[in-house]
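What follows is each chain in one-letter form.
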Amino acid sequence: MSGGWRRDSSRISREQRTVAQMVRLYCRHAEGNEELCPSCHELLDYAVQRLSRCPHGERKPYCQHCPIHCYRPEMRERMRRVMRYAGPRMLWHHPVAALRHLLRL
């Protein structure tokens, strides 16, 4: 996986795992890549870093509702594209992660 994050049950760690699943799903299905392409790898690393430095910590809101926009505009648009594609498909490919994310568990 991307460097810098542990596998535990904290909210930030779960969001990092969910973002990783979404980016991989997008890269594999929307772009047709077998492996994570350099562009998607860059986006994933950036997202993981941003999540690990979130000033809200465990009380983090959804990024789209956050008063602090910590993503650069270009990266924010790229992540929006990934989420638009992968979000609806997460229920099929990663149902537990999708439900957790939707229910904010």
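Note that the structure is predicted; figures quoted are calculated from it, not measured.

## Remarks on the state of the cysteines
All told, the structure shown has 0 disulfides when counted by the stated rule. The thiol of Cys-37 is not disulfide-bonded; the next cysteine sulfur, from Cys-40, is found 3.5 Å away. The exposure class of Cys-37 is buried, given its relative accessible area of 15%.

## Section: the packing of helix H2 (residues 38-52) against helix H3 (residues 73-93)
Interhelical geometry of H2 versus H3 gives an angle of 105° and a closest axis separation of 11 Å. Judged by the inter-axis angle, H2 sits roughly perpendicular to H3. Note on element contacts: H3 touches H2 through Met-75, Arg-78, Met-79 and Val-82, opposite Ser-39, Cys-40, Glu-42, Leu-43, Tyr-46 and Ala-47.

## What about the packing of aromatic side chains?
Taken as a whole and judged by the stated rule, the model has 2 aromatic pairs. Seen from their ring centres, Tyr-26 and Tyr-85 are 5.7 Å apart, and the 80° between their planes marks the pair as edge-to-face. Here Tyr-85 lies in helix H3 and Tyr-26 lies in helix H1 (residues 11-30), a separation of 59 residues in the sequence. Ring geometry for Tyr-46 against Tyr-71: centres 5.3 Å apart, planes inclined by 90°, an arrangement best described as edge-to-face. In this pair, Tyr-46 sits in helix H2 while Tyr-71 sits in the loop between H2 and H3, placing the two residues 25 residues apart along the sequence. The exposure classification of Tyr-46 matches that of Tyr-71, with both residues buried. Here the basic side chain of Arg-89 rests over the ring of Tyr-85, its NZ or CZ set 3.8 Å away from the ring centre.

Reading the values: the criteria
- Residues numbered from 1 in each chain as written.
- Predicted model: local features only at pLDDT ≥ 70, side-chain atom pairs only at ≥ 80, totals over all residues.
- Heavy atoms only, no water.
- Disulfide = S-S within 2.5 Å.
- Buried < 20%, exposed > 50% of the residue type's maximum accessible area, 1.4 Å probe, protein only.
- Axes fitted to C-alpha atoms, helices over the stretch in contact; angles between N-to-C directions.
- Helix = DSSP H or I, 4+ residues; strand = E, 2+ residues; numbered from the N terminus.
- Parallel < 35°, antiparallel > 145°, perpendicular 65-115°, else oblique.
- Contact = heavy atoms within 4.5 Å.
- Phe/Tyr/Trp six-rings, centres within 6.5 Å; stacked < 30°, edge-to-face > 60°.
- Lys NZ or Arg CZ within 6 Å of the ring centre and 35° of its normal.

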